[in-house]
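Structural description and commentary
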Amino acid sequence: MTPPRARTWGRRGHTPVIRVRGRSRRRTSVAALCCYKPGEPSRLIHRPRTHLLLKGARKSFSWTDYRDLLVRAHIQLAGPVMVVWDNLNTHLAAGLKQYEAEHDWLTTIRLPPYAPDLNPVEAVWSLVRRAMANTAFDTPDDLDHVLRRELRRIQLRSHLIDGCLTATGLAINPPTPP
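The following refers to the structure shown.

All right, on to the packing of helix α3 (residues 120-132) against helix α4 (residues 140-155) then. One way to put it is that α3 packs onto α4 with a least axis distance of 10 Å and a crossing angle of 130°. Between α3 and α4, the interaxial angle falls into the category oblique. When the axes of α3 and α4 are compared, the crossing they make is right-handed. Here Val124, Trp125, Leu127, Val128, Ala131 and Met132 of α3 lie close against α4, whose contacting residues are Leu143, Val146, Leu147, Glu150, Leu151, Arg153 and Ile154. Of the residues belonging to the contact of α3 with α4, the class tally is 11 nonpolar, no polar and 2 charged.

Structural data, given as structure tokens:
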């Protein structure tokens, strides 16, 4: 619930001050896939999830949540999926590796150990944070509503998703027929 900060249009010397409520007992996590296929518009598939901050409760996505996101992507894209993972510990979980090995429609590639500049999804988070900067949310539901709206806005503009890939310096090269 603590808002990100950005520049303001306040008068010089008069810093605007906005009081925000204390911490919430909820945490919102989002997993997203930027989907690229030559000759087709780029797509963003995402899954927001709200976690209650209870003692002993998980505060982030588990490997089963990522598995479910991959299954959802496979259904929506109606074809094989090649995933480029960063080295998040959940992406390296034994259960997820076993799931990858059992399904031939899923191919995974790992990014180098610390390379956020090669991950197009990091640029998506930058767009979302920029749109939500200087916003104080009254309730966690307001945060969820704005987050979903911003992700939907990016989904409807495939040129933004293309720009996220361009920012990495990577390119999609279609396979050449033999």
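Turning our attention to helix α1 (residues 63-77). Residues three or four positions apart in an α-helix share a direction because the helix packs 3.6 residues into each turn. Given a rise of 1.5 Å per residue, 15 residues ought to cover 21 Å, and the 21 Å separating the end C-alpha atoms of α1 matches this to within 8%. Of all the positions in α1, only Asp65, Tyr66, Leu69, Leu70 and Ala73 are classed as buried. The buried residues of α1 all sit within an arc of 140° when viewed along its axis, so they share a single face. Looking at the buried positions of α1, the neighbouring elements they touch are β1 (26-35), β2 (43-52), β3 (81-85), α2 (94-102) and β4 (106-110).

Of note, Ala78 is a non-glycine position whose phi angle comes to about 55°, a positive value. As for its position among the elements, Ala78 is in the loop between α1 and β3.

Bringing the nonpolar core into the picture now. If you look at the biggest cluster of nonpolar residues, it comprises 17 residues, and the most contacted ones within it are Leu44, Val124, Trp125, Val128, Met132, Leu151 and Ile154. Of all the secondary-structure elements, those providing two or more residues to this core are β1, α3, α4 and α5 (158-168). With residues near it in sequence (within four places) discarded, Leu44 still touches Ala32, Leu33, Cys34, Val124, Leu151, Ile154, Gln155 and Ile161. Ala31, Cys35, Val81 and Val83 belong to the second-largest nonpolar core, a separate cluster that totals 16 residues.

Turning next to the state of the cysteines. Inspection of the entire model under this criterion finds 0 disulfides. Cys34 takes part in no disulfide bond, and the closest cysteine sulfur, belonging to Cys164, lies 5.5 Å away. The exposure class assigned to Cys34 is buried, which follows from its relative accessible area of 16%. The cysteine Cys35 is free of any disulfide, with Cys34 supplying the nearest cysteine sulfur at 7.3 Å. The exposure class of Cys35 is buried, given its relative accessible area of 12%.

So, about the side chain of Thr90. Looking at the secondary structure, you find Thr90 in the loop between β3 and α2. In this structure Thr90 comes out as buried when scored by relative accessible area, which is 9%. A distance of 3.3 Å separates polar atoms of two side chains, one belonging to Thr90 and the other to Asn89. Other than its neighbours up to four places away in sequence, Thr90 contacts Arg58, Phe61, Ser62, Trp63, Tyr66 and Leu96.

For the rest of this paragraph, the subject is α4. The end-to-end C-alpha separation of α4 is 22 Å, in line with the 22 Å expected for 16 residues at 1.5 Å each. Residues of α4 that are buried: Pro140, Leu143, Asp144, Val146, Leu147, Glu150, Leu151 and Ile154. Close packing links the buried residues of α4 with β1, β2, α3 and α5.

What follows is about the packing of aromatic side chains. Counted by the stated rule, this structure contains 3 aromatic pairs. Here the aromatic rings of Tyr99 and Trp105 are separated by 6.4 Å at their centres, their planes lie at 75°, and the arrangement is edge-to-face. By relative accessible area, which is 12% here, Tyr99 ends up buried. Relative accessible area serves as the criterion here: at 15%, Trp105 is assigned to the buried category.

Definitions and cut-offs
Residues numbered from 1 in each chain as written. Predicted model: local features only at pLDDT ≥ 70, side-chain atom pairs only at ≥ 80, totals over all residues. Heavy atoms only, no water. Axes fitted to C-alpha atoms, helices over the stretch in contact; angles between N-to-C directions. Helix = DSSP H or I, 4+ residues; strand = E, 2+ residues; numbered from the N terminus. Parallel < 35°, antiparallel > 145°, perpendicular 65-115°, else oblique. Left-handed = near helix turned anticlockwise from the far one by under 90°. Contact = heavy atoms within 4.5 Å. Nonpolar A, V, L, I, M, F, W, Y, C, P; charged D, E, K, R; others polar. Expected span 1.5 Å × (residues − 1). Buried < 20%, exposed > 50% of the residue type's maximum accessible area, 1.4 Å probe, protein only. Arc of directions from axis to C-beta. Core = buried A, V, L, I, M, F, W, Y, C linked by side-chain atoms within 4.5 Å. Disulfide = S-S within 2.5 Å. Polar contact = N/O pair within 3.5 Å; in protein donor to acceptor, adjacent residues only side chain to side chain. Phe/Tyr/Trp six-rings, centres within 6.5 Å; stacked < 30°, edge-to-face > 60°.

These figures capture arrangement, not role.
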